[in-house]
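Commentary on secondary and tertiary structure
The residues making up each chain are set out below.
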Amino acid sequence: MDQVVAIRPPARGIPRAGAQNLRDLDPADLAAWLAQHSPEPPPRHRADQLFRWLHQRRAPDFAVMSDLPAGERTRLAGLASLARLHLDAVLRSHDGTRKLRLRTAEGAALESVLIPNEDRGYTQCVSSQIGCALTCRFCATASLGFQRNLATWEIVDQVYQAQDLLEREAIAEGAEYPGRITNLVFMGMGEPLHNYNQVKRAVQLLTHAHGAAIAGRRITISSSGLVPAIERFARDELALEVGLAISLNATTDAVRDEVMPINTRWKIAELLAAVRQVPQHRRRFITFEYVLLADVNDSDDDTRRLLDLVGDMRCQVNVIPFNPHPHAPYRRPSSTRVQRFVHRCRALGLLVYLRTPRGDDIGAACGQLALESGNA
């Protein structure tokens, strides 16, 4: 089990304005930074020491880094930043889901969601931006507009803040072992492929063996259909490490234009052509997310068109009944209509999973993240 470090006062030394946040750096970059900022060549193992403290033990400051010389800790504290996000609030759902509201250094808010799995592990829904530049009409985050991309360390720290929370809860409950984050989905606030470089670096840090060591096969990046970025993903080594989910949500361009205005730039045919360039995994499928909207995309004709669109691909379809919120003009279909849609898709030969709402009572379900409190 990873070491848990208590929060302590920072080491002496105040980092200068604009100091490098070392949580942004992998071991190679840490080694280069140390070489540049040390009066003499640092020990070869120093970068690995720092990386483990920051990403495996989630150290809050240099003071706790007990295997570094005291003078070195003080010197580094004056040169570099170890800033973290601030955990502003935690909302808990009746189904065990937690929604974390986090704040950046300038006070901007973002949300991340922890969903319990059946195996005592957790899936975390991670945000990549503050707000979102896209205007998907079923998604509450679109109502916030776009503020900025998150830095690599801000993406990574969402996971570390959530793991810290699970460990504090375990201590408070007297549990022998804390819950552990085993799966990540980049399906929170923002379009992950709009922040491609930072999301890729965050994945590299989170999968590193000396850090959180989350398996790449347990990470999925979602996109609303940013075709040039999907084509880039298909050529990138990242496509061999993590999964890709596409938010499809319609079977005709006319409906998708309305529901997801990004479709007015890249039509369904262009989107699927880009997805077909993604290398096929032996152990995982491309995922198509399909938010089911009453009287919009839930007809029997939609099931047949869905088969025509993706039936030749090695894929699965996640059917997600719409999660209502005040920013969208849609309704959730009746349970009978949902079951009929799923049954017909399966009868046609599609691999379909029905995703039941998790955390909808606290505004944490798919499409509901909008910095609102929910009903908790």
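Residues numbered from 1 in each chain as written. Predicted model: local features only at pLDDT ≥ 70, side-chain atom pairs only at ≥ 80, totals over all residues. Heavy atoms only, no water.

**Remarks on the pattern of salt bridges**
One pass over the structure, following the stated rule, counts 25 salt bridges. Between arginine 340 and aspartate 300 there is a salt bridge whose closest N-O contact spans 2.6 Å. Here arginine 340, found in helix α10 (residues 335–347), pairs with aspartate 300, found in helix α9 (residues 300–310); they are 40 residues apart in sequence, far enough to count as distant. Taken together, the salt bridges that share partners define one network made up of Arg58, Arg84, Asp157, Asp164 and Glu167. (Salt bridge = Lys/Arg side-chain N within 4 Å of Asp/Glu carboxyl O. Helix = DSSP H or I, 4+ residues; strand = E, 2+ residues; numbered from the N terminus.)

**Some points on the packing of α9 against α10**
Remark: α9 packs on α10, axes separated minimally by 9 Å, with the N-to-C direction vectors making an angle of 35 degrees. Of the two possible hands of crossing, α9 and α10 adopt the one that is right-handed. When α9 is examined against α10, the residues Asp300, Asp302, Thr303, Arg304 and Leu306 are found in contact with a partner set consisting of Arg337, Arg340, Phe341, Arg344 and Cys345. Here the contact of α9 with α10 is composed, by residue class, of three nonpolar, one polar and six charged. (Axes fitted to C-alpha atoms, helices over the stretch in contact; angles between N-to-C directions. Left-handed = near helix turned anticlockwise from the far one by under 90°. Contact = heavy atoms within 4.5 Å. Nonpolar A, V, L, I, M, F, W, Y, C, P; charged D, E, K, R; others polar.)

**Some details on the side chain of serine 127**
Along the polypeptide, serine 127 turns up in the loop between β4 (121–125) and β5 (129–131). Dropping the residues within four chain positions of it, serine 127 is found in contact with Leu110, Glu111, Leu150, Ile155, Gln158, Gly188 and Met189.

**Description of the pairing of strand β9 (residues 243–247)**
By the criterion of burial, β9 is predominantly enclosed, with five of the five residues buried. The side-chain alternation of β9 yields two buried faces, one formed by Gly243, Ala245 and Ser247 and the other by Leu244 and Ile246. Considered for its hand, the β-α-β crossover made up of strand β8 (residues 219–223), helix α6 (residues 227–235) and β9 is right-handed. Of the strand pairs in this sheet, β9 and strand β10 (residues 286–292) are connected by three bridges, and their pairing is parallel. Along β10, the bridge assignment pairs serine 247 with glutamate 289. (Buried < 20%, exposed > 50% of the residue type's maximum accessible area, 1.4 Å probe, protein only. Right-handed = clockwise from strand over helix to strand, strands pointing away. Pairing = 2+ DSSP bridges.)

**Considering the packing of aromatic side chains**
Going through the model one piece at a time under the given rule, you end up with two aromatic pairs. Centroid distance tyrosine 290 to phenylalanine 341: 5.3 Å. Interplanar angle 20 degrees. Geometry classified as stacked. Placement of the pair is tyrosine 290 in strand β10 and phenylalanine 341 in helix α10, with a sequence separation of 51 residues. For the pair formed by tyrosine 290 and phenylalanine 341, the shared burial category is buried. Relative to tyrosine 330, the ring of phenylalanine 322 has its centre 6.2 Å away and its plane inclined at 85 degrees; by these criteria the two rings are edge-to-face. Both residues of the pair, phenylalanine 322 and tyrosine 330, belong to the buried class. Against the face of tryptophan 53 rests arginine 57, its NZ or CZ located 4.2 Å from the ring centre. (Phe/Tyr/Trp six-rings, centres within 6.5 Å; stacked < 30°, edge-to-face > 60°. Lys NZ or Arg CZ within 6 Å of the ring centre and 35° of its normal.)

**Observations concerning the sheet that holds strand β2 (residues 98–103)**
In space, the 10 strands of this open sheet follow the order β1-β2-β3-β4-β7-β8-β9-β10-β11-β12, with mixed pairing throughout. The open sheet has two edge strands, β1 (86–92) and β12 (352–354), and neither has a second partner. Ignoring strand direction, the axes of neighbouring strands in this sheet form an average angle of 25 degrees. For β2 and strand β3 (residues 109–116), the ladder comprises six bridges, and the chain directions are antiparallel. Among the inter-strand pairings, lysine 99 is bridged to a residue of β3, identified as valine 113. In the packing of helix α4 (residues 152–173) onto the sheet, the strands contacted are β1, β2, β3, β4 and β7 (180–186), and the crossing angle to β7 comes to about 150 degrees.

**Thoughts on the confidence of the model for the chain**
For the chain, the mean per-residue pLDDT works out to 91, and 93% of the residues sit at or above 70. Contacts for the low-pLDDT stretch residues 1–13, under 50 throughout, to residues beyond four places or in other chains number 29 contacts. (pLDDT = per-residue confidence, 0-100.)

**Quick word on unusual backbone geometry**
Here the phi dihedral of alanine 213 falls at roughly 55 degrees; this positive angle occurs in a residue that is not glycine. Looking at the secondary structure, you find alanine 213 in the loop between α5 (196–206) and β8. On the basis of relative accessibility, which here comes to 42%, the residue alanine 213 falls in the partly exposed class. Positioned with a positive phi, aspartate 295 is a non-glycine residue whose angle comes to about 60 degrees.

**Digging into α6**
For an α-helix, the turn length of 3.6 residues means that residues three or four places apart are oriented alike. Taken together, the buried positions of α6 are occupied by Val227, Ala229, Ile230, Phe233 and Ala234. One side of α6 holds all its buried residues, which, seen down the axis, span an arc of 160 degrees. Buried residues in α6 make contact with α5, β8, β9 and α8 (268–275). (Arc of directions from axis to C-beta.)

**Topic: the nonpolar core**
Core analysis: the largest hydrophobic core is formed by 108 residues, its most contacted members being Met65, Phe288 and Val310. Considering each element in turn, this core owes the most residues, eight residues, to α4. Each residue touching valine 310, except ones within four places of it in the same chain, is listed here: Leu248, Leu272, Phe288, Cys315, Val317 and Leu350. (Core = buried A, V, L, I, M, F, W, Y, C linked by side-chain atoms within 4.5 Å.)

**Considering the environment of serine 81**
Residue position: serine 81 is located in the loop between α3 (70–77) and β1. Of the residues examined, serine 81 reaches a relative accessible area of 15% and is grouped as buried. Sequence separation of serine 81 and glycine 18 is 63 residues, and the distance between their C-alpha atoms is 8.5 Å. At 3.1 Å, the side chain of serine 81 and the backbone nitrogen of alanine 83 are in polar contact. (Polar contact = N/O pair within 3.5 Å; in protein donor to acceptor, adjacent residues only side chain to side chain.)

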